[in-house]
Amino acid sequence: MNISFDLDSTLIPNGKEFETENRNGIAKLFGIEEMRKGTRELISYLQNQGHEIHIYTTSFRTKRKIRLTLKYYGIKVSRIVNEKENRKVLKSRNINSSKFPPAFDFDLHIDDLKGVGIENERLNFKAIIVEPTDKNWIEKIKSGIKNVG
Ligand SMILES: [Mg+2]
């Protein structure tokens with residue numbers, strides 16, 4: 001399956017919402033962002049299960065910057081869609097939604113925003129919503145994927 005992850009408040013904290021992976025001072029200096037603890041393990045687990053992992057964010061970070069941050073933590077993803085690309089594609093397809101994963105061939109999207117959950121019902125795409133404070137977020141995603149797949 002093609003699985004996409006949101007960044008802000010899902011994998012990258014906005015403040016101190018969740019525990020993060022270790023990051024050294026030099027990395028910080030180079031603009032490497034914090035990453036939710038367990039992200040690397042989860043993504044490599046899913047990739048070993050045969051899934052393709054992607055990033056789908058409505059932030060304007062450049063793809064290069066996102067890839068650099070992921071690389072620092074040993075994470076490799078297939079495709080990165082940022083807001084610049086998202087807007088262009090959704091506009092060209094006349095889709096009135098903040099996110100529409102099927103436009104990028106993503107079968108399942110993981111996000112913290114309840115609004116995405118509402119859009120997923122309205123527009124009929126598959127999503128798993130995880131709270132930033134959910135300590136069992138990894139289990140929730142793993143079991144959610146089993147139910148979808
Ligand atoms: Mg988010």
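Use the structure listed above.
Being a predicted model, the structure only gives us computed values, none of them experimental.

(A) Up close: the overall build of the protein. The helix and strand inventory of the protein stands at six helices and five strands. Secondary structure elements of the protein occur, N-terminal to C-terminal, as β-α-α-β-α-β-α-β-α-β-α. Rg of the C-alpha trace for the protein: 15 Å, near the compact-globule value of 15 Å for 149 residues, within the 12% margin. Projected onto its principal axes, the C-alpha coordinates of the protein cover approximately 45 × 30 × 30 Å.

(B) Looking closely at a nonpolar patch on the surface. A cluster of nonpolar side chains, namely I26, L29 and F30, defines an oily patch on the protein surface of about 410 Å² accessible area. If you trace the backbone, I26 turns up in helix α1 (residues 25–29). We classify I26 as exposed; its relative accessible area is 56%.

(C) Broad picture of the packing of aromatic side chains. Taken as a whole and judged by the stated rule, the model has five aromatic pairs. Ring centres 6.0 Å apart and planes at 80° place the aromatic pair F100 and F125 in the edge-to-face group. Taken together, the positions of F100 in the loop between α4 (83–92) and β4 (108–111) and F125 in the loop between α5 (114–122) and β5 (126–129) put the pair 25 residues apart, joining distant regions of the chain. You'll find F100 and F125 in the same group, each marked buried. An aromatic cluster is present here, built from Y56, F104 and F106 joined pairwise through their rings.

(D) Quick look at the environment of I80. Looking at the element boundaries, I80 is found in strand β3 (residues 80–81). Its relative accessible area of 2% is what places I80 among the buried residues. Considering only alpha carbons, one finds I80 and R64, 16 residues apart in sequence, at a separation of 9.3 Å.

(E) Highlighting unusual backbone geometry. Phi at S9 is positive, roughly 70°, even though this residue is not glycine. The exposure class of S9 is buried, given its relative accessible area of 8%. One non-glycine residue, D105, adopts positive backbone phi at about 65°. Structurally, the position occupied by D105 is in the loop between α4 and β4.

(F) Structural view of the coordination of the magnesium ion. Protein-derived coordination of the magnesium ion comes from D6 (OD), D8 (O) and D112 (OD), at a distance range of 2.1 to 2.2 Å. When the donor residues of the magnesium ion are listed from N- to C-terminus, their spacing reads D-x1-D-x103-D. With a gap of 104 residues between them, D8 in the loop between β1 (2–5) and α1 and D112 in the loop between β4 and α5 connect regions that are remote in the sequence.

(G) Looking closely at the side chain of S97. Position of S97 relative to the elements: it lies in the loop between α4 and β4. S97 gets classed as buried once you look at its relative accessible area, which sits at 14%. Residue contacts for S97: discarding those within four places in its chain leaves L90, E119, R122 and L123.

(H) A look at the packing of helix α2 (residues 39–48) against helix α6 (residues 137–148). Contact pair α2 / α6: the axes reach a minimum separation of 11 Å and the direction vectors enclose 15°. Taken as axis vectors, α2 and α6 run roughly parallel relative to one another. Viewed along their axes, α2 and α6 form a crossing whose handedness is right-handed. Every residue of α6 that contacts α2 at T39, L42, Y45 and L46 is listed here: W137, I138, I141, K142 and I145. Considered class by class, the residues forming the contact of α2 with α6 number seven nonpolar, one polar and one charged.

About the thresholds
- Residues numbered from 1 in each chain as written.
- Predicted model: local features only at pLDDT ≥ 70, side-chain atom pairs only at ≥ 80, totals over all residues.
- Heavy atoms only, no water.
- Helix = DSSP H or I, 4+ residues; strand = E, 2+ residues; numbered from the N terminus.
- Rg over C-alpha atoms; globule rule 2.2 N^0.38 Å.
- Patch = residues over 30% accessible without salt bridge, like charges linked within 9 Å, V, L, I, M, F, W, Y side chains within 5 Å.
- Areas by Shrake-Rupley, 256 points an atom, 1.4 Å probe, with all protein chains shown as cover.
- Salt bridge = Lys/Arg side-chain N within 4 Å of Asp/Glu carboxyl O.
- Buried < 20%, exposed > 50% of the residue type's maximum accessible area, 1.4 Å probe, protein only.
- Phe/Tyr/Trp six-rings, centres within 6.5 Å; stacked < 30°, edge-to-face > 60°.
- Donors = N, O, S within 2.8 Å, 3.2 Å for Na, K, Ca; no water.
- Contact = heavy atoms within 4.5 Å.
- Axes fitted to C-alpha atoms, helices over the stretch in contact; angles between N-to-C directions.
- Parallel < 35°, antiparallel > 145°, perpendicular 65-115°, else oblique.
- Left-handed = near helix turned anticlockwise from the far one by under 90°.
- Nonpolar A, V, L, I, M, F, W, Y, C, P; charged D, E, K, R; others polar.

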